[in-house]
Amino acid sequence: MNINFEHYRIFASVARHQSMTSAAKELFLSQPAVSQSVQHLESLLNCKLFYRIPRGVRLTPEGQVLYASVGPACEQIQAGERKIAQMLMLDSGEIKIGASDMTLHLYLLEHLEAFHHKHPKIRMNVLNSTTPETIAALRAGQIDFGVVSAPVLDAKGLQIYPVCEIQDILIAGEQFAALKNKTLSLRQVAQYPLICLSSDTSTRRYLDDFFLSHGVSLEPEFNLATTDLIVPFVKRNFGIGIVVQTFALQALQAGEIFQVHTKEKIPPRQICVVTAAKNTISQAGQTFLNALFAR
């Protein structure tokens, strides 16, 4: 039976209030409109739904059976409408972001802090992973967007927005002090023990390609999982590290380490926000993206 849901909504309100007048006030309708809707529903169902009493109405046995199903259904629909309204007003919702340790510390964290301060009821889930893992999660629809370091391989179906420039440098500890006033070639650098990120990261791929473009194979002695481990390893003189300059800045300023200069300069690269064209981003996620791009 094809009955307009509006009739059921009005019926549920009348049943809940046991009053045509109170239902009319709740639904912003006239009392005659409410009465006509109930009469129409009774006609369609071929039964009486309410007894008319001096101070309102009371459900008939048939009305009680109908309300047992329609009442909870209407409440669920109204709850869903309220939740959507809250999401649109950013009073609730969730953002799912993929980011590496490096992009989280160098770019994303301060923006997350500002957004959370403005919209504290929005849940934020950050998937901490390498750039390839973040891209895979984005393609699988597991995150709204990713914040990754370039280069992004296989960009088909992705939208890539550069948001921040970073610079990789070489650093060393006091055991390598003889290198302080020298400028080395990459071939000379490769003769020393090197400390880099592991080969499954976009950073390492970028450095591998850079060294190979100058005829040198990058073969680190220490392959580390996260960027924030490189400076501590360098401080302990395990070798020459290659790291984003910002991560080394405090130790450089304190004189705990120094920069190793090379003839061939590592080109700067980008931190990028990446979205998938086929993915639908939540209202909260889109608002956060708009805040990122506005800066």
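Treat the numbers as computed from the prediction; the structure is a model and nothing was measured.

About the thresholds
Residues numbered from 1 in each chain as written. Predicted model: local features only at pLDDT ≥ 70, side-chain atom pairs only at ≥ 80, totals over all residues. Heavy atoms only, no water. Helix = DSSP H or I, 4+ residues; strand = E, 2+ residues; numbered from the N terminus. Rg over C-alpha atoms; globule rule 2.2 N^0.38 Å. Buried < 20%, exposed > 50% of the residue type's maximum accessible area, 1.4 Å probe, protein only. Contact = heavy atoms within 4.5 Å. Areas by Shrake-Rupley, 256 points an atom, 1.4 Å probe, with all protein chains shown as cover. Lys, Arg positive; Asp, Glu negative; His and termini not counted. Charge placed at Lys NZ, Arg CZ, Asp CG, Glu CD. pLDDT = per-residue confidence, 0-100. Phe/Tyr/Trp six-rings, centres within 6.5 Å; stacked < 30°, edge-to-face > 60°. Salt bridge = Lys/Arg side-chain N within 4 Å of Asp/Glu carboxyl O. Axes fitted to C-alpha atoms, helices over the stretch in contact; angles between N-to-C directions. Parallel < 35°, antiparallel > 145°, perpendicular 65-115°, else oblique. Left-handed = near helix turned anticlockwise from the far one by under 90°. Nonpolar A, V, L, I, M, F, W, Y, C, P; charged D, E, K, R; others polar. Pairing = 2+ DSSP bridges.

Participant: It is not clear to me how the overall build of the chain should be interpreted in this structure. Could you clarify?
Facilitator: A count of helical and extended segments in the chain gives 11 helices and 13 strands. For 295 residues, the compact-globule formula gives about 19 Å, and the C-alpha radius of gyration of the chain, at 32 Å, lies well above that figure. With the C-alpha coordinates of the chain rotated into their principal frame, the extents come out at 100 × 35 × 30 Å. Within the chain, the fraction of its 295 residues that count as buried is 45%. Across the chain, contacts joining residues at least 24 apart in sequence account for 73% of those joining residues at least 6 apart. About 15,900 Å² of surface is accessible on the chain, with carbon and sulfur atoms providing 52% of the total. For the chain, the distance from the average position of its 27 positive side-chain charges to the average position of its 25 negative side-chain charges is 7 Å.

Participant: Explanation requested: the confidence of the model for the chain in the structure shown.
Facilitator: When pLDDT is low, close inspection of the predicted coordinates is not appropriate. Overall, the prediction assigns the chain a mean pLDDT of 89, with 96% of residues at 70 or greater. At the low end of the mean pLDDT range in the chain sits helix 4 (residues 61-88), at 81; at the high end sits strand 7 (residues 168-172), at 97.

Participant: Could you clarify how one ought to interpret the packing of aromatic side chains in this entry?
Facilitator: Any aromatic ring pair is given by two values, namely how distant the centres are and how the planes are angled relative to each other. By the definition in use, this model includes 10 aromatic pairs. Between F222 and F233 the ring centres are 5.7 Å apart and the planes differ by 65°, which places this aromatic pair in the edge-to-face class. Pair noted here: F222 is in strand 10 (residues 222-224) and F233 is in helix 9 (residues 230-235), with a separation of 11 residues, a long-range link. Exposure remark for F233: the relative accessible area of 23% places this residue in the partly exposed category. Their ring planes at 40° and their centres at 5.0 Å tell us that F233 and F238 sit as a pair that is tilted.

Participant: Looking at this model, I keep getting lost on the pattern of salt bridges. Mind explaining?
Facilitator: If the charged atoms of two oppositely charged side chains come close together, the side chains can form a pair. Taken as a whole and assessed by the stated rule, the structure comprises nine salt bridges. Salt-bridge contacts for K235 lead to E256; the nearest nitrogen and oxygen are separated by 3.2 Å. Taken together, the residues K235 in helix 9 and E256 in the loop between helix 10 (245-253) and strand 12 (258-262) connect sequence positions 21 residues apart. Looking at K235, the relative accessible area reads 37%, which means it is partly exposed. The network of salt bridges with shared partners includes E42, K48 and R52.

Participant: Can you help me understand the packing of helix 1 (residues 5-17) against helix 2 (residues 20-27) in this one?
Facilitator: What describes two packed helices is the angle between their axes and the distance between those same axes. In contact at an axis separation of 8 Å, helix 1 and helix 2 are set at 125° when each is read in the N-to-C sense. Accordingly, the angle class assigned to the pair helix 1 and helix 2 is oblique. The handedness of the crossing between helix 1 and helix 2 is right-handed. The segment helix 1 lies against helix 2, with R9, I10, S13, V14, R16 and H17 engaging M20, S22, A23, E26 and L27. Among the residues making up the contact of helix 1 with helix 2, the classes are represented as five nonpolar, three polar and three charged.

Participant: What should I look at first to understand the sheet that holds strand 12 in this one?
Facilitator: Working definition: the strands of a sheet are paired by backbone hydrogen bonds and lie parallel or antiparallel to each other. Judged by pairing direction, the sheet is mixed, and its six strands sit side by side in the order 8-12-7-11-9-10 without closing on themselves. Pairing within the sheet leaves two strands with one partner each, and these edge strands are strand 8 (183-184) and strand 10. Running at roughly 120° to strand 11 (residues 240-244), helix 10 makes contact with strand 7, strand 11 and strand 12 of the sheet.

Participant: Got a minute to help me understand unusual backbone geometry in this structure?
Facilitator: Peptide bonds are trans in most cases, and residues, glycine excluded, mostly fall at negative phi. The omega torsion across A150 and P151 is 5°, close enough to zero to call that bond cis. Positive phi, normally seen in glycine, also occurs at N46, with a value near 60°. As for its placement among the helices and strands, N46 is situated in the loop between helix 3 (31-45) and strand 1 (50-53). Looking at N46, the relative accessible area reads 71%, which means it is exposed.

Participant: It is not clear to me how the sheet that holds strand 5 (residues 145-149) should be interpreted in this structure. Could you clarify?
Facilitator: Taken together, five strands build an open sheet; the order of strands is 4-3-5-13-6 and the sheet is mixed. The strands lining the two open edges of the sheet, one partner per strand, are strand 4 (123-128) and strand 6 (158-166). Strand-to-strand twist across the sheet, computed as the mean angle between neighbouring axes with direction ignored, equals 20°. Along the sheet, helix 11 (residues 283-294) makes contact with strand 3 (94-99), strand 5, strand 6 and strand 13 (269-276), crossing strand 3 at roughly 55°.

Participant: Explanation requested: the environment of A277 in the structure shown.
Facilitator: By the secondary structure assignment, A277 is in the loop between strand 13 and helix 11. Along the primary structure A277 and Q159 are separated by 118 residues, whereas in three dimensions their C-alpha atoms are 6.6 Å apart.

Participant: Please explain the side chain of T275 as it appears in this structure.
Facilitator: For T275, the location among the structural elements is in strand 13. When sequence neighbours within four positions are dropped, the list of residues in contact with T275 reads L138, F145, G157, L158, Q159, Y161, I281 and L289.

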